[in-house]
Amino acid sequence: VAEGEPGEGREPFELPRFWDALGQTFQITSQEATKLSLAFSRPPLPSAEDCRKLSEDVQNAILAVATVYYWLPKGQGTTLRKMVRDATTEVVEGMIQLTDTILNAPVESLSQEQLISTGGVWEACEQVSNLPRGEYNQAAVVSALASCLGVVKDAVEEMEHALVEGQDPYGDIMEDEELGFRGNRDTYWSEADRQLLSSCMGLMKASKACLKKVLAAVKAHGKADSPEQIAQLDDLADIANEISPSVDELALSMYPPVNPLAVRLNAAKLASVLKKVLEIAKASHVCPPSEEGWVQFLTGAVDHNMNKVKNFTQGQL
């Protein structure tokens, strides 16, 4: 499941039928996990015949889950497929862990590990109800973009909090002999640092605005009626996934002691990702003429802040 690629089915693919079947197989797997766990919760152990029957039922449930995942053709969109694959993998791994726990547990009583593993399978099986089921790939891409936006929002808020005037960025760390006294240059921002970091904050805020605008555009205009539209949505989700790690890398390099060249490098990486997101959005069907204003504005904002970062760090080169 983790490595394999579903093929294009011979029969016409029906999304509602797929969701129904996936939901049913996840539910049956959850029930089989309960049966297996109960059978080994207290002595006497099940007979050899009962063990064989339990094993078969578990195996059939897992094979059914994997089979239904393989129904989902690549043409429905890679973002949707990845979400379904991750959910399916979690169910299979959960059942493997439960089986291992039962094999290694003492027979006398129901172990804590067995309870946790059983609950893990239930939780994994419930994930099917959280999968985005809107218009094919469009709902999956909306979900992926919203997730990226949440992570970036948190990073921006954390950095804003740390940069408050007079705030000690390491204030939440107890005084430590190794860090030295709080007057140590390595634990504070100089005025020059703060000027450089304000432009970096501009880039981080542009990241948040970029994701918000792309998300709104996908919700308003995103379609999955043709292979081209599905591919454009997947491209947007793929490049948007690069924003959050780039924001994190920049944020980490902004803590004292500040190395201006490292900050410049990470800022340039983030700016490059943002420009790519905006280019891909502009060239796609989610960006009709009515959306071009914010694309232009945000492109300008990224360039403006990146130029300021370059000016502040020019003397370091």
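Under an unreviewed UniProt entry, the name given to the protein is CCDB1 protein, and the organism recorded is Oxylabes madagascariensis. What the UniProt record of the protein gives under Sequence similarities (unreviewed entry) is the line "Belongs to the CCNDBP1 family."

(A) Here's a closer look at the overall build of the protein. Broken down by element type, the protein carries 10 helices and 0 strands. Once local pairs closer than 6 in sequence are excluded, the contacts in the protein between residues at least 24 apart make up 80%. Accessible surface for the protein amounts to roughly 16,800 Å². Of this, 54% is attributable to carbon and sulfur atoms.

(B) Just the side chain of Thr-79, in detail. By secondary structure assignment, the location of Thr-79 is in helix α3 (residues 78–104). A relative accessible area of 9% means that Thr-79 is categorised as buried. In this structure Thr-79 touches Asn-137, Ala-140, Val-141, Ala-144, Asp-234 and Ala-237, once residues within four positions along its chain are discounted.

(C) Just the pattern of salt bridges, in detail. On inspection of all chains with the given rule, the structure shows 9 salt bridges. Between Arg-52 and Glu-49 there is a salt bridge, with its nearest N and O atoms 2.6 Å apart. With Arg-52 and Glu-49 both in helix α2 (residues 48–71) and 3 residues apart, this pair spans about one turn of that helix. A relative accessible area of 46% means that Glu-49 is categorised as partly exposed. Ionic pairing is found between Glu-160 and Lys-205, a salt bridge with its closest N-O pair at 3.4 Å. One end of the pair, Glu-160, is in helix α5 (residues 137–162); the other, Lys-205, is in helix α6 (residues 191–221), and 45 residues separate them in sequence. Among the charged side chains, a network of salt bridges with common partners joins Glu-32, Lys-35, Lys-53 and Asp-57.

(D) Geometry of unusual backbone geometry. Of note, the amide linkage connecting Pro-256 to Pro-257 takes the cis form, showing an omega dihedral of 0°. Within the element layout of this structure, Pro-257 appears in the loop between α8 (243–253) and α9 (260–283).

(E) View of the packing of α5 against α8. Between α5 and α8, the shortest axis-to-axis distance is 9 Å and the interhelical angle comes to 15°. In terms of axis orientation, α5 runs roughly parallel to α8. The crossing of α5 and α8 is left-handed. Residue-level inspection shows Val-151, Val-152, Ala-155 and Met-159 of α5 in contact with α8, the latter providing Ile-243, Ser-244, Val-247, Asp-248 and Ala-251.

(F) Quick peek at the environment of Ala-144. With respect to the helices and strands, the residue Ala-144 is situated in helix α5. The exposure class assigned to Ala-144 is buried, which follows from its relative accessible area of 13%. Setting aside chain neighbours within four positions, we find Ala-144 in contact with Thr-79 and Met-83.

(G) Quick peek at the nonpolar core. If you look at the biggest cluster of nonpolar residues, it comprises 53 residues, and the most contacted ones within it are Met-204, Val-218, Ile-243 and Met-254. Contributions of two or more residues to this core are made by α5, α6, α7 (227–240), α8, α9 and α10 (292–313). The dominant element in this core, judged by the number of residues it contributes, is α6, at 13 residues. Those residues within four positions of Met-204 in sequence are excluded, and the remaining contacts are Val-152, Ala-155, Val-156, Met-159, Val-247, Leu-250, Ala-251, Met-254 and Leu-270. In this structure, Ala-33, Leu-54, Val-68 and Val-128 belong to the second largest nonpolar core, which totals 30 residues.

(H) Seen up close, the packing of aromatic side chains. Scanning the entire structure with this criterion turns up 4 aromatic pairs. With centroids separated by 5.8 Å and ring planes inclined at 50°, the aromatic side chains of Phe-13 and Phe-18 adopt a geometry described as tilted. Judged by its relative accessible area of 23%, Phe-13 falls in the partly exposed class. Among the aromatic side chains, those forming a connected cluster through ring pairs are Phe-13, Phe-18 and Trp-19. It is Arg-17 that lies over the ring of Trp-71; its NZ or CZ is 5.0 Å from the centre.

Reading the values: rules and limits
Residues numbered from 1 in each chain as written. Predicted model: local features only at pLDDT ≥ 70, side-chain atom pairs only at ≥ 80, totals over all residues. Heavy atoms only, no water. UniProt positions renumbered as here; feature names shortened; annotations may be inferred. Helix = DSSP H or I, 4+ residues; strand = E, 2+ residues; numbered from the N terminus. Contact = heavy atoms within 4.5 Å. Areas by Shrake-Rupley, 256 points an atom, 1.4 Å probe, with all protein chains shown as cover. Buried < 20%, exposed > 50% of the residue type's maximum accessible area, 1.4 Å probe, protein only. Salt bridge = Lys/Arg side-chain N within 4 Å of Asp/Glu carboxyl O. Axes fitted to C-alpha atoms, helices over the stretch in contact; angles between N-to-C directions. Parallel < 35°, antiparallel > 145°, perpendicular 65-115°, else oblique. Left-handed = near helix turned anticlockwise from the far one by under 90°. Core = buried A, V, L, I, M, F, W, Y, C linked by side-chain atoms within 4.5 Å. Phe/Tyr/Trp six-rings, centres within 6.5 Å; stacked < 30°, edge-to-face > 60°. Lys NZ or Arg CZ within 6 Å of the ring centre and 35° of its normal.

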